[in-house]
Amino acid sequence: MRTIWPSLLFTAALTASTGQTLAGKTHAGQILDRFEHANQWRDHVMVAAHRAGSMQAGKTLYAENSLAAVEGSIAIGAEIVEVDIRRSKDGVFVVMHDSWLDRTTTCKGEVDHYTLAELKQCRLVVEGTGAVTNETVSTLREMLTATKDRILINLDNKLEVTDLPGMIAVARELGMVDQVIVKENLWNQQRIEAAKAALAQAGGGFQFMPILADDAVHDAAFAGEVDKAFAPHAIELINWRNGAETLTTTGGPLFSTRMRASAVRGDWHLWADTYAIVNKPGGFLAGGRGDELAVAASLPREAWGFWADRGATIIQTDEPKAAIDWLAANGFRVPYTSEPRPAEPAHTASIN
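Note that the coordinates shown come from a computational prediction; the quantities given were computed from them, not determined experimentally. (Residues numbered from 1 in each chain as written. Predicted model: local features only at pLDDT ≥ 70, side-chain atom pairs only at ≥ 80, totals over all residues. Heavy atoms only, no water.)

## Remarks on the side chain of N154
The cut-off we apply is this: Put simply, DSSP H or I for four residues or longer makes a helix, DSSP E for two residues or longer makes a strand, and each gets a number counted from the N terminus. When a residue's accessible area, from a 1.4 Å probe over protein chains only, is under 20% of the maximum for its type it is buried; when over 50% it is exposed; and in between it is partly exposed. Whether two residues are in contact is decided by their heavy atoms, any of which lying within 4.5 Å being enough.
For N154, the location among the structural elements is in strand β8 (residues 152-157). For N154, a relative accessible area of 0% puts it in the buried group. Sequence-distant contacts of N154, defined by excluding residues within four places in its chain, comprise I80, V81, E82, V83, I181, K183, M209 and W271.

Structure below.
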């Protein structure tokens, strides 16, 4: 069973009421309901598949950021797929993590030196095995079409904050703008204002998730400013300062009691990352408590359990299947049903 958070008194009533209908009849609608009502779902940890979810049990099964990886993540029950967005030479949004093509495709060189037609000649490659797939580089439109009404999609903007409105416009044309989560790294008031300006141009209806990294943001006070500016449903907290060499014992300066209290007041999710960075020690973003500790060392309690115990209700991972299986077996997952969940009473004293 999960560790109960320290007692926290609510300072505001929960936003949802008993008998509230689900956000939609599609599976994406049910996921969206949990995403938008964090305080009703503190006993459920959502799983986001990093780069669409290419790995299982330490082995790369799919090309990263591929449609095949998306299908695999949907099949295992992940709630969110995270993909990376760049532009082709002729201005089309495409799905690619690196600025170059060499690592993940059969082509060489910079992504923005290729037109879309040229990118469509590049085959995606399964990293590690070198296997060449039948998939080509996807456009954002193609990726969104594949996820529509099935799973939420998190767009990691590898361009400028001013490119966000264009991405949202594509989702709006497909009638799925509410299923899209866009995010930007915020660290000062100037950055907040730049994001606000870009988001205002994009119109409403989508999800914006701020990212706070502890190399620039050192406590929960800034999260309060971000909450006032955007009223987000989730904030991604990145643990840079505590590397993988020594396991973090506290979760770092951002995963604090004060941050959890702020999340309750704002009714937003704490989003933790447990994937490794290329050429960095496993769990680099998680103070050593990442996917490699969970899978390679067979210590999932010390990785995913650690972050869930400290309030994370969304975990982004390279190992979505293993994370879902462990979280479900240990009481951190609530099955999806067709029935809405009653809101917890506002006087509830402890949150989990």
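## Some points on the confidence of the model for the protein chain
What counts here: Per residue, pLDDT measures the predictor's confidence, with a range of 0 to 100.
Here the protein chain shows a mean pLDDT of 89. Residues at 70 or above account for 88%. Under a pLDDT of 50 for its full length, residues 1-24 has, in the predicted model, 69 contacts with residues more than four places off or in other chains. Predicted confidence is poor over residues 344-352, with pLDDT under 50, and the contacts of this stretch with residues over four places away or in other chains come to 27 contacts.

## Remarks on helix α11 (residues 320-329)
Of all the residues in α11, the buried ones are P320, A323, I324, W326 and L327. In this structure, the buried residues of α11 make contact with β1 (46-49), β2 (55-56), α2 (67-76), α10 (300-309) and β13 (312-317). Immediately downstream of α11, the backbone of G331 shows phi near 80°, a positive value.

## Digging into the nonpolar core
As a reminder of what qualifies: By convention a nonpolar core is built from buried Ala, Val, Leu, Ile, Met, Phe, Trp, Tyr and Cys residues, the set being connected through side-chain atoms within 4.5 Å.
Within the largest apolar cluster, 69 residues are counted, with the highest numbers of intra-cluster contacts made by L144, I153, L155, V182, L186 and L212. If we ignore the near neighbours within four places in the chain, the residues touching I153 are V81, V83, M143, L144, T147, M176, Q179, V180 and I181.

## Observations regarding the side chain of S73
Tracing the backbone through its elements, the reader meets S73 in helix α2. Residue S73 is classed as buried on the basis of its relative accessible area of 1%. Ignoring sequence-local partners within four residues, the contact set of S73 consists of A49, A52, G53, A78 and V81.

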